[in-house]
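What the coordinates show
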Amino acid sequence: MPEENRRSSGKNILLHAFLFVGLLYYAVTGLMAARVVLAPLVLGTLLAMLMLPLTRRLEKRGVNRVLAVLLSDFLIIGFFVGLVFILISQFSALSRDFPQTKQKFAPKIEQAKRFVAEKTGVSPQQIEQYVKDKVPFLGKQDSVGNSTQKPVQSQSSSVDAGKIMGAVSGFLTGLAEALAGFVLVFVYFFFLQYYRHKFKKSVLNFFPKKARPEAARVLVESSRVSQQYLLGRLLLMSFLAVFYTVGFAIIGVKQGVLVAVLAAVFSIIPYVGNIIGFTLSLAFSVFGSGDFSVAAGVLVIFTLAQFIENYFLEPFIVGEKVHLHPLFTILAVIVGATLWGIAGAILAIPVLGIAKVWCDHIPALQPIGYLVGDEGTDEGPSVFDKLKSWVLRLKS
């Protein structure tokens, strides 16, 4: 009899494992397939939570609900449109300066070719051919950096034209999808804010009457978590954009506003975003100036900005509302990026933070909330942790 019980238990474990893997597979597949619909909905929901205090304040002052929601909606739209306008204008300036930058950088490219040839035995002609194949717009450089590519034959021209048309078609398709997603975000934003009481009652109706007050408190806490995190990140992004712009202007980086805004925008992605922002800033700065010594200035600027952000501004602005373990923070960013690209990487942290709030208040899910949280991870504060704690005490 005990042997039969063990066999039955083993079969149940295998059955549950197969069911879990199957459900996980179909869940991931479904999320990836529904990215075009779900990503704007999640972003619209988070933005609606972010702007809810402003909408409520306008309504308390006698503003009609439709007008209050529209004002909040247009404020967010204006922010994103302004950001896109800045990026487009800076990219336009960068494209105008590209020929001069290319000419300025040509001697260093030739120097790099000679260095590689001396160290590896690869001839400069082979390097030029490789660069021409991988980066066609650079072409072959003469002594003053002018392109000396030979005219291509008609067959090659037709192939290149086909590639260009394909690239343009892909770009237009992506642009159309992005615009459609942008419009959907703010359509969802409007309806979620306008009918927020109905949606709140609908969620609470899933719970027994005795549990509804607790569920209502969890909804309020979830909204507060997303509000504080997103608003804090936006304020920190604004600080970083200004700090980087001033710093890049001091060290003489061309299109410093473009580099600063890109680096600040990527900072919203935890851990990975700062690495991407630093790499882009380094590449733009060195390529734009043609001087490798500017890299030291970029490193100093990023180091100062990260120190001020992490140990002085973040405790005041973001606080400690999103208590997530660093491992699960990184996993959430990776999974989000895998499922929904950049949008998924940005949305991963607030979504995981809201999920943790619910897990902490549902007894059956509390072990999961403890697992993904930072509870029980203290092994003695470091010097930087003590500094952050001191700043938090000043805040309180």
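Since this is a predicted model, take the numbers as computed values, not measurements.

Now for the overall build of the chain. Broken down by element type, the chain carries 13 helices and zero strands. Of the regular secondary structure in the chain, the N- to C-terminal order runs α-α-α-α-α-α-α-α-α-α-α-α-α. Residues classed as buried in the chain amount to 30% of the 396 residues present. Residue pairs in contact within the chain that sit at least 24 positions apart in sequence constitute 73% of those at least 6 positions apart.

For the chain, per-residue confidence averages 78 on the pLDDT scale, and residues scoring 70 or more make up 76% of the total. Within the model, pLDDT remains below 50 along residues 139-153, and this stretch shows 19 contacts once partners closer than five positions in the same chain are excluded.

Here we come to a nonpolar patch on the surface. A cluster of nonpolar side chains, V81, F182, V183, V187, F191, Y195 and F199, forms an exposed patch at the surface whose accessible area comes to about 590 Å². With four residues, the single largest contributor to the nonpolar patch is helix α5 (residues 154-194). Considering the arrangement of structural elements, one finds V81 in helix α3 (residues 65-120). Residue V81 is classed as partly exposed on the basis of its relative accessible area, which comes to 46%.

Attention now moves to the nonpolar core. Soluble globular proteins tend to pack their nonpolar side chains together in the buried interior. In this structure, L47 and I349 are the most contacted members of the largest nonpolar core, which totals 30 residues. Listed by contribution, the elements that provide at least two residues to this core are α2 (35-60), α5, α7 (212-251) and α11 (326-361). Looking at this core element by element, the count peaks at twelve residues for α11. V294, V298, I301 and F302 belong to the second largest nonpolar core, which has 15 residues in total.

For the rest of this paragraph, the subject is the packing of α2 against α11. One way to put it is that α2 packs onto α11 with a least axis distance of 10 Å and a crossing angle of 45°. For the element pair α2 / α11, the angle class is oblique. When you trace α2 past α11, the crossing you get is left-handed. For the pair α2 and α11, the contacting residues are R35, L38, A39, V42, L43, L46 and M49 in the first and L339, W340, L347, P350, V351 and I354 in the second.

This paragraph deals with α2. Over its 26 residues, α2 runs 36 Å from end to end, which matches the ideal 38 Å to within 8%, given 1.5 Å per residue. Along α2, the residues that are buried comprise A39, P40, G44, L46, L47, A48, L50, M51, L52, T55 and L58. After α2 finishes, the residue G62 shows a positive phi value of roughly 95°.

On the surface, a cluster of positive charge is contributed by R56, R57, K60, R61 and K200. For the positive patch, the element with the most residues is α2, which contributes three residues. Overall, the relative accessible area of 44% leaves R56 in the partly exposed class.

Turning our eyes to something else, we now look at helix α8 (residues 256-266). The element α8 is extensively covered by neighbouring structure, given that eight of its eleven residues are classed as buried. Among all positions of α8, only G256, L258, V259, A260, V261, L262, A263 and A264 are buried.

For the structure on display, the rule yields 14 aromatic pairs. Both rings, one in Y25 and one in Y26, keep their centres 5.3 Å apart while their planes meet at 75°; by these two values the pair is edge-to-face. A relative accessible area of 53% means that Y25 is categorised as exposed. With a centroid separation of 4.9 Å and an interplanar angle of 65°, the aromatic rings of F182 and F186 are classed as edge-to-face. Taken as a pair, F182 and F186 lie in helix α5 at a separation of four residues, close to a single helical turn. Judged by relative accessible area, F182 falls into the partly exposed class, the value being 32%. Aromatic ring contacts, followed pair by pair, group F79, F80, F182 and F186 into a single cluster.

Once that is clear, we can look at the pattern of salt bridges. Scanning the entire structure with this criterion turns up five salt bridges. E59 serves as the salt-bridge partner of R65, at 3.4 Å between the closest nitrogen and oxygen. Looking at R65, the relative accessible area reads 28%, which means it is partly exposed. Counted as one network, the salt bridges with shared partners bring together E59, R65 and R196.

The subject of this paragraph is the packing of α2 against α7. Between α2 and α7, the shortest axis-to-axis distance is 8 Å and the interhelical angle comes to 90°. Relative to α7, the element α2 lies roughly perpendicular. Listed contacts from α7 to L46, M49, L50, L52 and P53 of α2 are S222, S223, S226, Q227, L230, L231 and L234. Across the contact of α2 with α7, the residue classes break down as eight nonpolar, four polar and no charged.

Parameters at a glance
Residue numbers here run from 1 along each chain, matching the order of that chain's written sequence. Two thresholds apply to this predicted model, a pLDDT of at least 70 for residue-level local features and 80 or more for giving and counting side-chain atom pairs, whereas whole-chain, interface and lining totals are computed over all residues. Side-chain descriptors were evaluated using all non-hydrogen atoms of the structure, hydrogens and water having been removed beforehand. For helices the rule is a DSSP run of H or I covering at least 4 residues; for strands it is a run of E covering at least 2, with both sets numbered from the N terminus onward. Three exposure classes are used, based on accessible area relative to the maximum for each residue type with a 1.4 Å probe and protein chains only: buried under 20%, partly exposed in between, and exposed over 50%. Working rule for contacts: check all heavy atoms of both residues, and any pair within 4.5 Å makes them a contact. Confidence of the predictor at the level of single residues is captured by pLDDT, which takes values from 0 to 100. Each patch is assembled from residues with relative accessible area greater than 30% and no salt bridge, linking like charges that lie within 9 Å and nonpolar side chains (Val, Leu, Ile, Met, Phe, Trp, Tyr) that lie within 5 Å. Under the convention used here, a 1.4 Å probe and the Shrake-Rupley method define accessible areas, while residue burial counts only the protein chains that appear. Here a salt bridge means any side-chain nitrogen of Lys or Arg lying within 4 Å of a carboxyl oxygen belonging to Asp or Glu. For this analysis, a nonpolar core means a set of buried residues of the types Ala, Val, Leu, Ile, Met, Phe, Trp, Tyr and Cys, connected via side-chain atoms within 4.5 Å. Simply put, an axis is a line fit to the C-alpha atoms, just over the touching stretch for a helix, and the angle between two N-to-C directions goes from 0 to 180 degrees. Here is the rule for angles: anything less than 35 degrees is roughly parallel, anything more than 145 is roughly antiparallel, 65 through 115 is roughly perpendicular, and the remaining ranges are oblique. By convention, the crossing between two helices is left-handed when the near helix turns anticlockwise from the far helix through less than a right angle, and right-handed when the turn is clockwise. The span you would expect from a helix comes to 1.5 Å times its residue count less one. His residues and chain termini do not enter the charge count, which takes Lys and Arg as positive and Asp and Glu as negative. To locate a charge, take NZ of a lysine, CZ of an arginine, CG of an aspartate or CD of a glutamate. Each aromatic pair joins two rings of Phe, Tyr and Trp (for Trp, the six-membered one) with centres within 6.5 Å, and gets the label stacked for planes under 30 degrees apart, edge-to-face for over 60, and tilted for any other angle. Polar here means any residue other than Ala, Val, Leu, Ile, Met, Phe, Trp, Tyr, Cys and Pro, which are nonpolar, and Asp, Glu, Lys and Arg, which are charged; Gly is therefore polar.

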